[in-house]
Amino acid sequence: MARLILVLSALLLGYSQTQAAALFGRPSKIIDSNDSNSSSAGSSYYTPYTSGSSSYSATGGGCGSVPSHVKTAFGEAKRFTQTCSYAQLSPGKMIAVNDYSGDGRPTMYIFDQDGNCVKGFPISWGVGSDRSGRLEACSTENSRKTPPGFHLTAVHNGARYNSSNSLGMAGLSGQDSLGQRGVIIHGTSPAGTSNTWGCTGVNYEDLSTVMKTLGVGSLVYNYFGGARASNCSDNSGMERPAQCQPEAAAVAAARSNGVSSSKYSGKSKYSTSSSGSKTTNSTRKGAK
């Protein structure tokens, strides 16, 4: 009874059900309904993370042995920073490869600009997989799938998620991931399952480290290995070579880091200004 009272008190103070349960030592499988796919909350094509994993721990940390396809993805990301002015990185900013390819467990690998992997974390994803179990990417609004391709971390402030507990993911190749869909990096429990509406979820205990390591203005590559969703009407971000078509929030993030002084000339089908002040799905769903 005492524990129940404490949990209810935490809920009244604004904690999610998952966080409230975790605060008092009780494991919880509850997924925040405002930013998750509750019907697939327990779904995972991949085997659970174990603390004995040779490449990373269940709560993130070292990179271990970086797979060759992830190194190839880093090379693609590095080239994109050289061809897209809004993807240019200021000193100290990082390149993260979110490996959703299915060739191993979904993992965020964070590299410095010289290609040294400094940290690795298990991650969650949105809905959707094909019959073989491969995760499906899609940039369509309301698809709840994770958008593919290159994104820039950006300031994100809203009702539920803000600059203290999330990083925005602003599309750089025609995806209006942040402005239209409210796609962010946020805490979840557990990471490694399909328990978001397209966001990248990391374990709550890893979130602070991820946010501090990436900051605003780092490049994040949602890498799916070329797999396309069969019923997706917007595959922005999948094109190769990648297009440089930043959404407004990406322009703002680039400018705040002083890496692009040119006038906004992106061709995002949604964003029409660089203010990033439009109403978004995340505003309506409280997932911002």
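Refer to the preceding data block for the structure.
As the structure is a computational prediction, the values presented were derived from the model and not from experiment.

Okay, the nonpolar core next. A general trend in soluble globular proteins is that nonpolar side chains are found buried together. Residues V97, F111, F150, L172 and L219 are the most contacted members of the largest nonpolar core, which totals 33 residues. For this core, the secondary-structure elements that each account for two or more residues are α3 (68–83), β1 (95–99), β2 (107–111), β4 (149–154), β8 (219–223) and α5 (248–256). What F111 contacts, discounting residues up to four positions off in sequence, is V66, V70, F74, M94, I95, V97, N116 and C117. Core analysis: the second largest hydrophobic core is formed by 22 residues, A96, I110, M169 and V210 among them.

Time to look at the pattern of salt bridges. All chains considered together, the criterion is met by 3 salt bridges. Of the charged contacts, one joins D103 and R134 as a salt bridge, the two residues approaching to 3.0 Å between their closest N and O atoms. Linking D103 in the loop between β1 and β2 with R134 in the loop between β3 (117–124) and β4, this pair joins segments that are 31 residues apart in sequence. Overall, the relative accessible area of 41% leaves D103 in the partly exposed class. R134 sits in the partly exposed class, given a relative accessible area of 32%. A salt bridge links E136 to K145; the shortest N-O distance between them is 3.3 Å. Judged on exposure class, the residue E136 and its partner K145 are both buried.

Here we take up α5. Residues A248, A249, A250, V251, A253 and A254 constitute the buried set of α5. For α5, the secondary structure elements touched by its buried residues are β4 and β5 (166–171). Immediately downstream of α5, the backbone of G258 shows phi near 70 degrees, a positive value.

All right, on to the packing of aromatic side chains then. Tallied over the full model, the rule gives 5 aromatic pairs. For the ring pair F74 and F111, a centre distance of 4.8 Å and an interplane angle of 40 degrees mean the geometry is tilted. With a gap of 37 residues between them, F74 in helix α3 and F111 in strand β2 connect regions that are remote in the sequence. F74 sits in the buried class, given a relative accessible area of 11%. Overall, the relative accessible area of 2% leaves F111 in the buried class. If you follow R144 out to its NZ or CZ, it ends over the ring of W197, 4.0 Å from the centre.

It is worth spelling out the side chain of T196 at this point. Looking at where T196 falls in the secondary structure, it is placed in the loop between β6 (184–188) and β7 (200–203). A polar contact is formed between the side chain of T196 and the backbone nitrogen of G198, at a distance of 3.1 Å. One polar contact links the side chain of T196 to the main-chain carbonyl oxygen of C199, over a distance of 2.8 Å.

Here Y86 is to be found in the loop between α3 and β1. A relative accessible area of 3% means that Y86 is categorised as buried.

Each value, and the rule that gives it
- Residues numbered from 1 in each chain as written.
- Predicted model: local features only at pLDDT ≥ 70, side-chain atom pairs only at ≥ 80, totals over all residues.
- Heavy atoms only, no water.
- Core = buried A, V, L, I, M, F, W, Y, C linked by side-chain atoms within 4.5 Å.
- Buried < 20%, exposed > 50% of the residue type's maximum accessible area, 1.4 Å probe, protein only.
- Helix = DSSP H or I, 4+ residues; strand = E, 2+ residues; numbered from the N terminus.
- Contact = heavy atoms within 4.5 Å.
- Salt bridge = Lys/Arg side-chain N within 4 Å of Asp/Glu carboxyl O.
- Phe/Tyr/Trp six-rings, centres within 6.5 Å; stacked < 30°, edge-to-face > 60°.
- Lys NZ or Arg CZ within 6 Å of the ring centre and 35° of its normal.
- Polar contact = N/O pair within 3.5 Å; in protein donor to acceptor, adjacent residues only side chain to side chain.

Treat this as a map of the structure, not an account of what it does.
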